[in-house]
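Report on the structure
If you want the building blocks of each chain, they are given just below.
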Amino acid sequence: MARVALEDLTKRYAGGNLAVDRLNLDIADGEFVCLVGPSGCGKTTALRMIAGLEDISSGRVRIGGKVVNLLPPRDRDIALVFQSYALYPHMSVYDNMAFGLQLRKTPKAQIEKAVREAARILDLERFLDRKPGQLSGGQRQRVALGRAIVREPAAFLMDEPLSNLDAKLRVQTRAEIARLHQRLEATMIYVTHDQVEAMTMADRIAVINEGVLQQVGTPKDLYEQPANRFVAGFIGSPAMNFVEAEVTQDGGGSRLLAEGLEVVLADAQAARLRDRGLRSVTVGVRPEHLHPGALEGPGLRLSASIDVVEFLGNDELIHAASGGRDVVAIVDADVRLAVGDRVVLSAAPRHVYLFDPDRDMSLTVR
Amino acid sequence: MAVAEAITQPAVARTRRLASRLRPSHLALNVVLGLVAVFWLVPTVSLLAISLRDPSTYGVTGWWTVFTAPTQLTLKNYEQLFSTGLATGGVLDSVVTTALITVPATVLVTVISSLAAYSLVFGRWRGRTAVFLLVVGLLVVPVQVALIPVAQLYDAFGHLTGFNPFGTLPGVVIFHVAFGLPFGIFLMRNFYTGIPKDLLEAGRIDGAGEWTLFRRVVLPLGLPAAASLAIFQFIWVWNDLLVGLVFLGGNAHHTLTIYLYSFTRTLANNYWVIATGGIISIIVPLIIFFAFQRYFVRGVLAGAVK
Ligand SMILES: Nc1ncnc2c1ncn2[C@@H]1O[C@H](COP(=O)(O)OP(=O)(O)OP(=O)(O)O)[C@@H](O)[C@H]1O
Ligand SMILES: [Mg+2]
């Protein structure tokens, strides 16, 4: 097990495409870090540079304190679980898992022990003699995990390992990987574009957009204190609502106004806006923080008419039109809202996020 | 109940299989395949029958009479052909000579094509596409065009090193290898492009070097293609007359095709030699075909990715 550090890691593909731009990330020994971001943001590229499958344009990768930039994959002591599984189709499940150890000239008895143990953990004992072609998707996925864990590498790298599984199996395997992490206490770098996966499994999440690291933090940090509009919109499901609003000063207080929206600012926030001299801001509020009914004092109020009501069981997901925008809210199913109703939705001041409309940086510091 | 079901199931499956074989489309297919088999088998069986009959019966009674009068079957012709043993110019000597050409030419083409295709598909050097296009271009060069230039090349090589490959077995092998490679590389390369790159990367992470990747991952997966290539190449070289005739010129040892050809030319009444020699020359490719046939497994890549 080892610490993995990325220092100004950069990848420029032939043709000039900057896929990863000065990525800095320090992953502690035994930590589970998720790299998340939309499709094409450079997650796979970053992972492949750590694994040694892709040349590094500039910057450094350290594994266990040692710079490994020039080491071939086999000397980096890492295991990679591919999105496509990449099992050897002509080998049995047993040989698929044993291959890496065989190449490292591990004694036979030791290989056998490691493979049986991995098979036991992953519930693959019955399939050891089968070929990958005779397994279901979920079983193949577990073989791919097994191939990684028998090696006891310094770090596990996983590239969207669950994306080929159906919803139920995905939840199940997610738990399996989390359990595996606790049991092995291994350093894991897990790539996904699914923020739910990241939120549920990671110790820390690194959000990447267009090759640039946006924010690193615990799932709670990212949810409660997104550094910018991108992170705010990416983390949390359904996504945060955003409204552009004008800053107006009247009497003692400041208010933010847009069609159908009014935000009464607390004094500290008003002062900060005044200091920056901003005329307009982007207001963000999460669907789960919007509640029907007006609210006195500071906070956000939004008047809207309901377009769609989706019943979720305990809650209802509401799509509403407010000043020509689509606003999403999650409300208690007991509230009984109907399509066409006009409602006022409000949110407490601590749930209102403000972003600089030009640089998209968060103006909300708590 | 469940037990009864389990017992009757194979029977049900059997009837269903029979039914599907009798469906009109399948019936037509089977008739066509049957006809093809007959067309292929009749000349072969007749050749075999002639080789097993006394030469004096040729032109007197038909070969098909062996079915009604099997007593006329005799190994006399074979005994006579083999009686010369390994003497130079005899049939066994030509079998050996042909094998000495065919086996190295086949092995070399299969091995070199596989390695070249590995490099063309999974290597990381510039100009791979250009080299491949060059290979494709070489596919259309006719053998006849190269006969004289290669002979001259051999000559020049002889002047330079003292060893002129012209008229020697290595000379023939080299020519066959050179002409087998473009097709071999083409075939193997096209097959290898179907192997997911992820598999090789997984291998690299598992600790494999290029050589191990080739031997443990790519070669086993490419076996069906390598087997087809080996069969094609073997049969092509085994049956070759032109290259052998030109490049073995002056050599006392002949290939089987040259041996047979010399009989058609000199002795009009030597049908039995041709039939017997023909059967000998057919037998070997047939053995090769059936030996390699089991490698034609479909779906070798099943379960690799996704
Ligand atoms: N071999 C390559 N040559 C040039 N550009 C590439 C290459 N591979 C990837 N890219 C580009 O680099 C960027 C990052 O790609 P990458 O595969 O890392 O994305 P990703 O975050 O893994 O996306 P996804 O979630 O879809 O897998 C993309 O814009 C992609 O088009
Ligand atoms: Mg990817």
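Residues numbered from 1 in each chain as written. Chains lettered and ligands numbered in written order. Predicted model: local features only at pLDDT ≥ 70, side-chain atom pairs only at ≥ 80, totals over all residues. Heavy atoms only, no water.

1. Some thoughts on the site of ligand 1
Residue and element names in this part refer to chain A.
- Close contacts around ligand 1 come from Y13, N17, A19, S39, G40, C41, G42, K43, T44, T45 and E160, and that covers them all.
- Taking S39, its side chain carries an N or O atom lying 2.4 Å from an oxygen atom of ligand 1.
- In the complex, 60% of the free accessible area of ligand 1, which totals 640 Å², lies under the protein chains.
- Here the shell around ligand 1 gets three residues from one element, more than from any other, and that element is helix α1 (residues 43-51). (Near = heavy atom within 4 Å. Polar contact = N/O pair within 3.5 Å; in protein donor to acceptor, adjacent residues only side chain to side chain. Areas by Shrake-Rupley, 256 points an atom, 1.4 Å probe, with all protein chains shown as cover. Helix = DSSP H or I, 4+ residues; strand = E, 2+ residues; numbered from the N terminus.)

2. Thoughts on the domain arrangement of chain B
All names here are of chain B.
- For chain B, the domain assignment lists domain 1 (2-74) and domain 2 (91-301).
- Taken residue by residue, the interface counts eight residues in domain 1 and eight residues in domain 2.
- Considering only the side of domain 1, the residues that lose the most area to domain 2 are L47, S51 and Y58, jointly responsible for 54% of the buried surface there.
- Taken together, the links from domain 1 to domain 2 amount to zero residue pairs in polar contact (both at pLDDT 80 or more).
- Partitioning the side of domain 1 that touches domain 2 into residue classes produces six nonpolar, two polar and no charged. (Domains from an automatic or database assignment. Contact = heavy atoms within 4.5 Å. Buried area = accessible area lost by both parts, 1.4 Å probe. Nonpolar A, V, L, I, M, F, W, Y, C, P; charged D, E, K, R; others polar.)

3. Concerning the side chain of E316 of chain A
- For E316 of chain A, the position within the fold is in strand β17 (residues 315-322).
- Apart from the residues lying within four places of it in its own chain, the contact partners of E316 of chain A are V309, E310, F311, A329, I330, V331, A333 and L337 of chain A.

4. Examining the sheet that holds strand β5 (residues 66-67) of chain A
Residue and element names in this part refer to chain A.
- Spatially, four strands are ordered β2-β1-β4-β5 in an open sheet, and the strand pairing comes out antiparallel. A single partner strand is all that each edge strand has here, and the edge strands are β2 (18-27) and β5.
- The sheet contact formed by strand β4 (residues 58-63) and β5 spans two bridges and is antiparallel. Bridging from a neighbouring strand, I63 pairs with K66 of β5.
- Strands in contact with α1 are β1 (4-12), β2 and β4; relative to β1, the strand with the most contacts, it is inclined by about 120°. (Pairing = 2+ DSSP bridges. Axes fitted to C-alpha atoms, helices over the stretch in contact; angles between N-to-C directions.)

5. Concerning the environment of V131 of chain B
Residues and elements named next belong to chain B.
- For V131, the location among the structural elements is in helix α6 (residues 128-138).
- Sequence separation of V131 and W238 is 107 residues, and the distance between their C-alpha atoms is 29 Å.
- If we skip the residues at most four places from it in the chain, V131 touches L120 and W125.

6. Some thoughts on the pairing of strand β16 (residues 299-311) of chain A
All names here are of chain A.
- Where strand β13 (residues 261-264) meets β16, four bridges bridge the pair, whose relative direction is antiparallel. The residue of β16 that forms the bridge with V264 is G299.
- Sheet topology places β16 next to strand β19 (residues 342-347); six bridges connect them, and they run antiparallel. Note that in β19 the partner of L300 across the bridge is A347.
- Pairing of β16 with β17 involves six bridges; the strand directions are antiparallel. Within β17, the residue paired with E310 across the bridge is L317.
- Between β16 and the antiparallel strand that follows it, β17, lie three residues; G313 among them carries a positive phi value of about 110°.

7. With respect to the packing of helix α4 (residues 137-149) of chain A against helix α5 (residues 167-184) of chain A
Residue and element names in this part refer to chain A.
- Where α4 meets α5, the axes come as close as 11 Å, and the angle between the chain directions of the two elements is 15°. Between α4 and α5, the angle falls in the class roughly parallel. The crossing of α4 and α5 is right-handed. On α5, the residues touching G138, Q141, R142, L145 and I149 of α4 are L169, T173, E176, I177, L180 and L184.
- Tallied by class, the residues present in the contact of α4 with α5 amount to six nonpolar, three polar and two charged. (Parallel < 35°, antiparallel > 145°, perpendicular 65-115°, else oblique. Left-handed = near helix turned anticlockwise from the far one by under 90°.)

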